[in-house]
Amino acid sequence: MIEKTITYDQSYQVNNHGYYGEFGGAYIPEILYPNIQELKTRYLDIIHSPDFQEEFNQLLRDYVGRPTPLYFAKRMSERYNTQIYLKREDLNHTGAHKINNTIGQILLAKRLGKEKIIAETGAGQHGVATATVCALMNVECIVYMGKIDMERQRPNVERMRLLGATVVPATSGSQTLKDATNEAMRHWINNPEDTHYIIGSVVGPHPYPDMVARFQSVISEEMKAQLKEKTGSENPHHVIACVGGGSNAMGAFYHYLDAKNVNLIAVEAAGKGVDSGESAATTYLGKPGVLHGSRTLLMQTPDGQVVEPYSISAGLDYPGIGPAHAHLFASGRAEFMSVTDDDAMKAGKLLCRTEGIIPAIETAHALAILEQRKFDPKEVVVINLSGRGDKDLQTYIDYEFGL
Ligand SMILES: *Cc1c(COP(=O)(O)O)cnc(C)c1O
């Protein structure tokens, strides 16, 4: 584990050099420098322009279905003797928060004059969200996916194809997410002029982590107004979210980063246990290093090779976390906790039975914190319900019957 530095009055926003404390930056091959430089110099002007804002907000409203409700979970609140609110990102079009980011990036790509989109995907959720916005905007879409992941996640491959995307198998290495990322990078290097690369979480070289965080920040922006209306205060006592790369968590934390009395709880996947060798609990197991273009915390061997992560949920099965989260961890601003496969599956099933909501297994990790940690009866606890569990039906069924 890395040493925590207790610091006060520091910024949790990215600085001019693309860093969050000691994490971040843009560690990229020289040949990609022009692409990243173009993004870096133009993304803020584009995002802030009235024309972008109008189109982005209109699509979030009419196409994605925002604002998503903030739901007071009465039975869960009674069970855990505290005030539990669920931010319903599971009700977004395509079933999770990922579409907030892909809508933002496709609008940005259009304004950069790009004609093609590439993306990488592991479980296929980001691939589906990308294929969706490409269909919407009539833009060519190529999604790189590990050959093994394509076999494991066949329905998502079919969804992407139905939406008109080309899914290209990555056949090198372990034939999973990191190999798909390598293939996508290779494509981008060879086609820098006409192609935009849509990264799916708050990871990658600067400015991606900041850009994705801004697109997802609509989650906490809405939460503030909804809490004000329901509880009289914009601020809850705790915000809880699961962390794969960290985009839904960053969206849920964003407008509370400087509100020091709001406790932020980030939940990682412990897999079969943090010390079992089959885990994805990055802050517990990781050390600083460079992954996918940024300096962050990642699971690695003593000589710096990336360790293959494991979690029952495909969306949390990532060997690193975004650099902003590494900083939230190192600075002590957010609490990082982890939840095993077993505890997540129990928490997922409990939500089905108490509130009639089937959560994604990623999200179930955040819910499991209610078993680990006591909250006061008057405290307001917001859990970001990052996605719905339809995609996980088979995993729930297999788990139930011990297959
Ligand atoms: C992809 C995914 C996650 C993990 O990604 P983050 O970038 O950490 O948010 C979590 N929940 C759901 C439902 C997902 O699809």
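Residues numbered from 1 in each chain as written. Predicted model: local features only at pLDDT ≥ 70, side-chain atom pairs only at ≥ 80, totals over all residues. Heavy atoms only, no water.

### Considerations on the sheet that holds strand 5 (residues 116-121)
Selection criterion: When DSSP locates at least two bridges between a pair of strands, those strands are taken to pair. Each helix is a run of H or I in the DSSP string that is no shorter than four residues. Each strand is a run of E no shorter than two, and both are numbered from the N terminus. All axes here are fitted lines through C-alpha atoms, helices being fitted over the stretch that makes contact, and every angle between N-to-C directions spans 0 to 180 degrees.
Spatial ordering of the open sheet is given by 7-6-5-8, a layout of 4 strands whose pairing is parallel. Because the sheet does not close on itself, it has two edges, and the strands there are strand 7 (166-170) and strand 8 (195-197). Taking each pair of neighbouring strands and ignoring which way they run, the sheet shows an average axis angle of 25°. In the sheet, strand 5 pairs with strand 6 (residues 140-146) via 6 bridges, with the strands oriented parallel. Looking across to strand 6, one finds that Lys-116 is bridged to Glu-140.

### What about the site of the ligand?
Note the cut-off: Any residue with a heavy atom positioned within 4 Å of a molecule or strand is treated as near that molecule or strand. Nitrogen and oxygen atoms within 3.5 Å of one another constitute a polar contact, given that in protein one can donate a hydrogen and the other can accept it, and given that sequence-neighbouring residues count only through two side-chain atoms. The accessible surface values rely on the Shrake-Rupley method and a 1.4 Å probe; as for residues, cover is taken only from the protein chains in view. Gly falls in the polar group here, along with every residue not listed as nonpolar (Ala, Val, Leu, Ile, Met, Phe, Trp, Tyr, Cys, Pro) or charged (Asp, Glu, Lys, Arg).
Near the ligand, the surroundings consist of 16 residues, among which Lys-98, Ser-201, Gly-244, Gly-246 and Ser-247 are the closest. In the model, an oxygen atom of the ligand is placed 2.6 Å from a nitrogen or oxygen of the Lys-98 side chain. Burial of the ligand by the protein amounts to 97% of the accessible area it has alone, namely 380 Å². The residue inventory of the shell around the ligand, partitioned by class, reads 4 nonpolar, 10 polar and 2 charged.

### Considering the environment of Leu-350
Selection rule: Classification of residues uses two cut-offs on accessible area relative to the type maximum, computed with a 1.4 Å probe and protein chains only: under 20% is buried, over 50% is exposed, and between them is partly exposed. Every residue pair with non-hydrogen atoms within 4.5 Å of one another is taken to be in contact.
Turning to its location among the elements, Leu-350 is positioned in helix 14 (residues 341-355). Judged by relative accessible area, Leu-350 falls into the buried class, the value being 16%. Sequence separation between Leu-350 and His-325 is 25 residues, and the spatial gap between their C-alpha atoms is 28 Å. Discounting residues that sit within four places of it in the chain, Leu-350 has contacts with Met-76, Arg-79 and Tyr-80.

### Let's talk about the layout of surface pockets
To be explicit about the condition: Only protein atoms enter the calculation, which uses a 1 Å grid: trapped sets of points that fit a 1.4 Å probe without letting it out are cavities, open sets showing protein on both sides within 12 Å along at least five of seven lines are pockets, and any residue with an atom within 4 Å of a point is a lining residue. Grid points are joined across faces, edges and corners, and a volume is the space filled by probe spheres set on the points.
Quantified by volume, the second largest pocket comes out at close to 310 Å³. In terms of lining, the second largest pocket is formed by 16 residues, of which the most central are Gln-53, Phe-56, Asn-57, Val-218 and Glu-221. For the lining of the second largest pocket, the elements supplying multiple residues, two or more each, are helix 1 (33-48), helix 2 (50-64), helix 9 (208-216) and helix 10 (218-231). Element by element, the count of residues in the lining of the second largest pocket is highest for helix 2, at 5 residues. The residue inventory of the lining of the second largest pocket, partitioned by class, reads 7 nonpolar, 4 polar and 5 charged.

### Let's talk about the nonpolar core
The condition that has to hold: The nonpolar core is taken to be a set of buried Ala, Val, Leu, Ile, Met, Phe, Trp, Tyr and Cys residues, with the residues joined through side-chain atoms within 4.5 Å.
Ranked by internal contacts, the top residues of the largest apolar core, which has 89 residues, are Leu-108 and Phe-253. The element that contributes the greatest number of residues to this core is helix 4 (residues 98-111), accounting for 6 residues. Once you skip the residues sitting within four places of it in the chain, Phe-253 turns out to touch Ser-220, Val-239, Ala-241, Leu-264, Ile-265, Ala-266, His-325 and Leu-328.

### Thoughts on the sheet that holds strand 3 (residues 70-72)
The strand order 3-4-14-9-10-13 describes an open sheet built from 6 strands, whose pairing is mixed. Across the chains shown, the open sheet's two edge strands, defined by having one partner strand only, are strand 3 and strand 13 (334-340). Here the average twist between neighbouring strands, direction ignored, is 25°. Across 7 bridges, strand 10 (residues 263-271) lies against strand 13 in parallel orientation. The residue bridging Ile-265 from the neighbouring strand is Glu-335, located in strand 13. Those strands touched by helix 10 are strand 3, strand 4 (83-87), strand 9 (238-242) and strand 14 (380-384), and its axis lies near 140° from that of strand 4.

### As for the environment of Tyr-310
Note on placement: Tyr-310 falls in the loop between strand 12 (294-298) and helix 13 (323-330). The class for Tyr-310 is partly exposed, based on a relative accessible area of 23%. Spatially, the C-alpha atoms of Tyr-310 and Tyr-144 are 21 Å apart, while their sequence positions differ by 166 residues.

### Regarding the packing of helix 5 (residues 125-137) against helix 7 (residues 154-162)
What counts is decided by this rule: Under this scheme an angle from 65 to 115 degrees is roughly perpendicular, one under 35 degrees roughly parallel, and one over 145 degrees roughly antiparallel; angles in between are oblique.
Packing of helix 5 against helix 7 brings their axes to within 9 Å, and their N-to-C directions diverge by 10°. Compared by their axis directions, helix 5 and helix 7 come out roughly parallel. Residue-level contacts link Gln-125, Gly-127, Val-128 and Ala-131 of helix 5 to Asn-156, Arg-159 and Met-160 of helix 7. Residue classes in the contact of helix 5 with helix 7 are distributed as 3 nonpolar, 3 polar and 1 charged.

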